[in-house]
Structures are given as C-alpha cells and as structure tokens.
Amino acid sequence: MAESRAGFAALIGEPNVGKSTLLNRLVGSKVSIVTHKVQTTRSRIRGVAIHGEAQIVLVDTPGLFEPRRRLERAMVKAAWAALGDADAAVLLIEANKGITEGVAEIMDTLDGGISGLPALAVAVNKVDRVRPEQLLPLADALGQYKFLDAVFLISAASGSGLDGLLDWLAGRLPPGPWLYPADQIADSPMRFLAAEITREKLLLRLHQEIPYQLTVETESWKELRDGSVRIEQVVYVARESHRRIAVGPKGETIKSICIASRKDIEMLVGSRAHLFLRVKLREKWMEESSRYAEMGLDYAEK
C-alpha cells in the first residue's frame, strides 16, 4: 500500500486568471468565490483535495499586481507569504495572454528574489480558448525559465489536463499523515465562507469601484432546533452613496443579493438558512486593523 502524503500547494498568479476556479474544481466543491472582476480573492483560502493517498491543501491567494492602497498591499503580501508555507506552488497564466508584463515581473521575482522557493510549476489555463498551434511559442518561452519544474496545459473550467497536475502536486508533498479529516473540504470557518458568498453576490451585482470598497462580516451564526441556521451579516461600505446603491430602491437590491447568497449558503451548510443582511456606513473600514484580522490579512503599514 502506498504511503500517505500531505502538504500545502499555493496557487499564485495575476488577478482573474482562474485560481479560484481551479481550487474549486480540484476540491470538487465551491470553497472560494469566483467573479469576472479582478481582486475578487482578498485573503488566503484553503481547500482540501484528495488524490490517491495524498491530501493536497490548496491555498488560493489574492492576485499579484502593483498595489496602491493599504488593503491591496496586504493582499499582495498574503499571496507572496503563501509561498513560504508551501511544499509546491502553481503559477497560473492565461493561454490567450501568455507571458504578460505582469507575469514576467512575477517570474523575475521568483527567479531571484525569494529564498527557499518550493517546487514550482506553471499551469497554462483556458487552453480551450486558443488554437493548439498558438501554444507552441508560449511553451518555448516558458522553457527559458530553468527554475520551473513542469508546465501543464489545463482548463480549470472544464477540468481538462488536471490529472497530470494533481499527480505532480501529490508527488511533491512530504510523506506523513493527513492534516484534515477525509471529508473536510476547507479549513475556513463556515461563518467566513458564508460572508465570502455574500461578497461574491455583491461583486456580481454592483459595478465600478463599489465592490472594492465594501466588506462583509458574519455577526451572528446560530443553529436552530429544526436543524436550520440563522445568520446575521453586515455589509460595510466606505461612502453613503455606496450604501444607498447597495440597498437599492425600497431595499430591492440588497434583498435580491440576500436571496442569491442564501441559496449558496444552504448548499454550503447542507441545511436551510435564514439570512439577514444590513448595510452600514463605515468610512474608514479599510484603515481598521480589526477588519483586516477578520479577513485573515496583516494590517500592512502605509
């Protein structure tokens, strides 16, 4: 019988390249929110995948970009820090974009600026969106980076090419007992995952800068006698105009967001959920260390 293995694998890359989609696909369940907007993932989300005798703890990280605000600096810091805790790492790039300026900067940092770099592979995502002949120049270009252990051509959305990636990840983990029970798919508290689901619905519904200047916290989580759960959440926004937009005329916007979020939360917890949302103005929330702690981020200095 093969010996058991367990360890951590960090997923890194530019914003919106499919890291969260890949995490959810490998885990087999939704543990990280996904939208078309950049900077959707703010903190490190861990999902647990089983492959043969290996338990792979996948760490979804915020996208790597040039940060300007305090929150953005904390997000990027969290992404780079995940490498230091990992046994293996996967850098995702998009097949149709190739080695962008941002990817080249990430490669340069990986090549010369990080000590103790774990085993590193590149996963070229969304290969189903390009012609096969377009991948040859990209493969040649990636071959110039000698610190890369492997290159995989995948589609996180369809699941194509993921068996080879899982084999590689499992082979890079140290032997040892599993870190989590076999049926556990994430290590974040349910109340945090529920707040992330609500933030996803806000991101999908609201436009422009509003989604990036709000956060969601679960204030109360109570399991009821009938097996259902009563959840109270607060949406903090930085401007009064944002609060009015999030609430909507006669409360219709936040009501529709609540309904959409409740459905996904019920799938997450496997029971009926009673969700109550409030939108509150908190102008300086992005400067409050307690908000960063709630998101699992370090309160980065200015």
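Details of the structure are given in the entry above.
Notes on the structure in this doc start here.

## Focus on the overall build of the chain
Assigned secondary structure in the chain consists of 9 helices and 9 strands. The C-alpha radius of gyration of the chain comes to 20 Å, within 12% of the 19 Å expected for a compact globule of 302 residues. By principal-axis analysis of the C-alpha atoms, the chain measures approximately 55 × 45 × 40 Å. When each of the 302 residues of the chain is scored for burial, the buried share is 51%. Long-range pairs, those at least 24 residues apart, make up 72% of the contacts in the chain with a sequence separation of at least 6. Per element, the accessible surface of the chain, about 14300 Å² overall, is 49% carbon and sulfur. Here the chain contributes 40 positively and 39 negatively charged side chains, and the mean placements of these two sets differ by 9 Å.

## Considering the environment of I259
Its place among the elements puts I259 in helix α8 (residues 252–269). I259 gets classed as partly exposed once you look at its relative accessible area, which sits at 36%. For the pair I259 and L275, spaced 16 residues apart in sequence, the C-alpha separation works out to 8.2 Å.

## Things to note about the sheet that holds strand β5 (residues 119–125)
Ordered in space as β2-β3-β1-β4-β5-β6, the 6 strands form an open sheet in which the pairing is mixed. Unpaired on one side and paired on the other, β2 (45–51) and β6 (150–153) mark the two borders of the sheet. Mean inter-strand twist for the sheet, computed between neighbouring axes without regard to direction, equals 25 degrees. Pairing analysis gives 7 bridges linking strand β4 (residues 88–94) to β5, with the strands arranged parallel. Each residue of the ladder has a partner; that of E94, found in β5, is N125.

## Looking at the sheet that holds strand β7 (residues 214–223)
With mixed pairing, the 3 strands of this open sheet are ordered in space as β7-β8-β9. On the outer flanks of this sheet lie β7 and β9 (273–281), each paired with one strand and no other. When strand polarity is set aside, the average angle formed by the axes of neighbouring strands in this sheet is 20 degrees. Looking at chain direction, β7 and strand β8 (residues 229–237) are connected through 9 bridges and run antiparallel. When the sheet's bridge partners are listed, E223 is paired in β8 with V229. Docked against the sheet, helix α7 (residues 240–247) engages β8 and β9, running at close to 155 degrees with respect to β9. Along the sheet, α8 contacts β7, β8 and β9; its crossing angle with β9, the most-contacted strand, is approximately 135 degrees.

## Notes on helix α2 (residues 70–84)
In a regular helix each residue adds 1.5 Å, so 15 residues correspond to 21 Å; α2 covers 22 Å between its end C-alpha atoms and thus fits that length. Where α2 is concerned, the buried positions are R70, L71, E72, A74, M75, V76, A78, A79, A82 and L83. Structurally, α2 contributes buried residues whose contacts are with β1 (5–13), β3 (54–60), β4, α3 (101–112) and α9 (289–295).

## What about the pairing of β8?
Burial runs high along β8: 7 of the 9 residues are buried. Linkage of β7 to β8, two consecutive antiparallel strands, is achieved through a turn of 5 residues, within which G227 is found at a positive phi near 95 degrees. Direction of pairing for β8 relative to β9: parallel, over a ladder of 9 bridges. Bridge pairing links V229 to A273 in β9.

Criteria and thresholds
- Residues numbered from 1 in each chain as written.
- Predicted model: local features only at pLDDT ≥ 70, side-chain atom pairs only at ≥ 80, totals over all residues.
- Heavy atoms only, no water.
- Helix = DSSP H or I, 4+ residues; strand = E, 2+ residues; numbered from the N terminus.
- Rg over C-alpha atoms; globule rule 2.2 N^0.38 Å.
- Buried < 20%, exposed > 50% of the residue type's maximum accessible area, 1.4 Å probe, protein only.
- Contact = heavy atoms within 4.5 Å.
- Areas by Shrake-Rupley, 256 points an atom, 1.4 Å probe, with all protein chains shown as cover.
- Lys, Arg positive; Asp, Glu negative; His and termini not counted.
- Charge placed at Lys NZ, Arg CZ, Asp CG, Glu CD.
- Pairing = 2+ DSSP bridges.
- Axes fitted to C-alpha atoms, helices over the stretch in contact; angles between N-to-C directions.
- Expected span 1.5 Å × (residues − 1).

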